[in-house]
Amino acid sequence: MSLLDAVSNSTSGLSAQAFALNTISGNIANTTTAGFKSTDTHFADLLAETGPSPQQASGVSLSTRSSLQLQGTIASTDVATNLAISGDGYFIVKPNTGSANAPSFGGETGYTRRGDFAPDANGYLVNGAGYYLFAGPSASTPVQVSTGSASPTSLTVSPTGALTVSNADGSTKSLGTMTLAQFDGAENLAPLDGGTYLATDASGAPSYGFSGSSIATGSIEQSNANISDQFAKMIETQQAYSANTKVLNAANEMLQDALTMYV
């Protein structure tokens, strides 16, 4: 391996560790974001050549993986329309592609664990990322509750998905039946924004049902990003970055010495 290879390897390492630090910073920033799933950075060595001869490292490659399968803690919020999934599954959501006065929901169907739903001016349930809750794949409009003096005081979801709301005026109302989207390859869902994901060929098409999961009302699933774990990873990443700068500086000094010999 030449000195130029050492420079290339250390530069590759610096770039990879900088990327990892960016990922960690995003996880730390979202430790209080409802339904957030942390992202991990994974490293793999690159080989300069293949074959029976001794292998020499040629830098590092990286990939990211979201911890979609790791459930966050479910916390009570006392907000009647907040929902949390215990077990597998995703809420079916869509963005409002129209306006507040004339909402339209013709956009792509998304899937999320973020359940901090609250009624908008029309009584439609929308989460903190701006995505509206749909009861099922064939629903044409979002789940709608009453507003004003009849605003909901509680919302219940039966084990079979039956939605019932109790209003402030003492009345109760059935909102129909909701379901969850289930994926065989959930780890391959494509991230959108606001903790929302899209189905991919690798994730497979969704099936619908609870499959042993349940919905807790007046609760949200918290972020699964553990801040102490993220700080530990940050320290490790910082040390690896510092080590790569030392290799780069050493290779640079050796190159300067070699060039001086020919001057």
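The rules behind the values
- Residues numbered from 1 in each chain as written.
- Predicted model: local features only at pLDDT ≥ 70, side-chain atom pairs only at ≥ 80, totals over all residues.
- Heavy atoms only, no water.
- Helix = DSSP H or I, 4+ residues; strand = E, 2+ residues; numbered from the N terminus.
- Rg over C-alpha atoms; globule rule 2.2 N^0.38 Å.
- Buried < 20%, exposed > 50% of the residue type's maximum accessible area, 1.4 Å probe, protein only.
- Contact = heavy atoms within 4.5 Å.
- Areas by Shrake-Rupley, 256 points an atom, 1.4 Å probe, with all protein chains shown as cover.
- Lys, Arg positive; Asp, Glu negative; His and termini not counted.
- Charge placed at Lys NZ, Arg CZ, Asp CG, Glu CD.
- Expected span 1.5 Å × (residues − 1).
- Pairing = 2+ DSSP bridges.
- Axes fitted to C-alpha atoms, helices over the stretch in contact; angles between N-to-C directions.
- Phe/Tyr/Trp six-rings, centres within 6.5 Å; stacked < 30°, edge-to-face > 60°.
- Lys NZ or Arg CZ within 6 Å of the ring centre and 35° of its normal.
- Salt bridge = Lys/Arg side-chain N within 4 Å of Asp/Glu carboxyl O.

Draft legend 1. Focus on the overall build of the chain. The helix and strand inventory of the chain stands at two helices and 18 strands. For a compact globule of 263 residues, the expected C-alpha radius of gyration is about 18 Å, and the chain comes in at 25 Å, more than 25% above that figure. Referenced to the eigenvectors of the C-alpha coordinate spread, the extents of the chain come out at roughly 90 × 35 × 35 Å. The buried share of the chain, reckoned over its 263 residues, is 37%. Counting only contacts in the chain whose residues sit at least 6 apart along the sequence, the fraction spanning at least 24 positions is 60%. Only carbon and sulfur atoms are counted for the fraction: they give 52% of the accessible area of the chain, which is about 13,700 Å². Counting 8 positive and 19 negative side-chain charges, the chain places the centres of these two groups 8 Å from one another.

Draft legend 2. Main features of helix 1 (residues 3-29). In this model helix 1 runs 39 Å from its N-terminal to its C-terminal C-alpha over 27 residues, within 8% of the 39 Å that 1.5 Å per residue would give. Taken as a whole, helix 1 has its buried residues at Ala-6, Asn-9, Ser-10, Gly-13, Leu-14, Ala-16, Gln-17, Ala-20, Thr-23, Ile-24, Asn-27 and Ile-28.

Draft legend 3. Spotlight on the sheet that holds strand 12 (residues 172-177). Spatially, the three strands line up as an open sheet ordered 10-11-12, and their pairing is antiparallel. Looking at strand neighbours, the two that pair on one side only are strand 10 (152-157) and strand 12, the edges of this open sheet. Averaged over all neighbouring strand pairs, the angle between strand axes comes to 20°, with direction disregarded. Note that strand 10 and strand 11 (residues 162-167) share five bridges and pair antiparallel. Across the sheet, the residue bridging to Leu-155 is Val-165, located in strand 11.

Draft legend 4. A look at the environment of His-42. With respect to the helices and strands, the residue His-42 is situated in strand 1 (residues 39-47). Exposure remark for His-42: the relative accessible area of 30% places this residue in the partly exposed category. In this structure the C-alpha to C-alpha distance between His-42 and Ala-16, which are 26 residues apart in sequence, comes to 9.7 Å. Among residues more than four places away in sequence, those in contact with His-42 are Ser-61, Leu-62, Ser-63 and Arg-65.

Draft legend 5. Broad picture of the packing of aromatic side chains. Per the stated rule, a full pass over the model turns up seven aromatic pairs. Aromatic pair Phe-105 and Phe-134: ring centres 5.7 Å apart, planes at 75°, arrangement edge-to-face. Here Phe-105 is found in the loop between strand 5 (91-95) and strand 6 (110-112), whereas its partner Phe-134 is found in strand 9 (residues 131-134), with 29 residues between them in sequence. Phe-134 shares its class with Phe-105; the two are buried. Taking 6.5 Å as the distance between ring centres and 80° as the angle between the ring planes, the aromatic pair formed by Tyr-124 and Tyr-132 counts as edge-to-face. Each member of the pair Tyr-124 and Tyr-132 is classed as buried. Above the plane of the ring of Phe-134 lies Lys-94, whose end atom (NZ or CZ) is 5.4 Å from the centre.

Draft legend 6. Geometry of unusual backbone geometry. Even without being a glycine, Asp-78 presents a positive backbone phi close to 65°. Phi at Ser-211 takes a positive value of approximately 50°, unusual for a residue other than glycine. Mapped onto the fold, Ser-211 is located in the loop between strand 16 (207-208) and strand 17 (214-217). With a relative accessible area of 69%, Ser-211 lands in the exposed category.

Draft legend 7. Main features of the pattern of salt bridges. Across all of its chains, the model carries four salt bridges by this definition. Ionic pairing is found between Asp-40 and Lys-233, a salt bridge with its closest N-O pair at 2.9 Å. Within this pair, whereas Asp-40 is found in strand 1, its partner Lys-233 is found in helix 2 (residues 227-260), the two being separated by 193 residues in sequence. As a salt-bridge pair, Asp-116 and Arg-114 come within 3.1 Å of each other at their nearest N and O atoms. Its relative accessible area of 14% is what places Arg-114 among the buried residues. The network of salt bridges with common partners includes Lys-37, Arg-113 and Glu-221.

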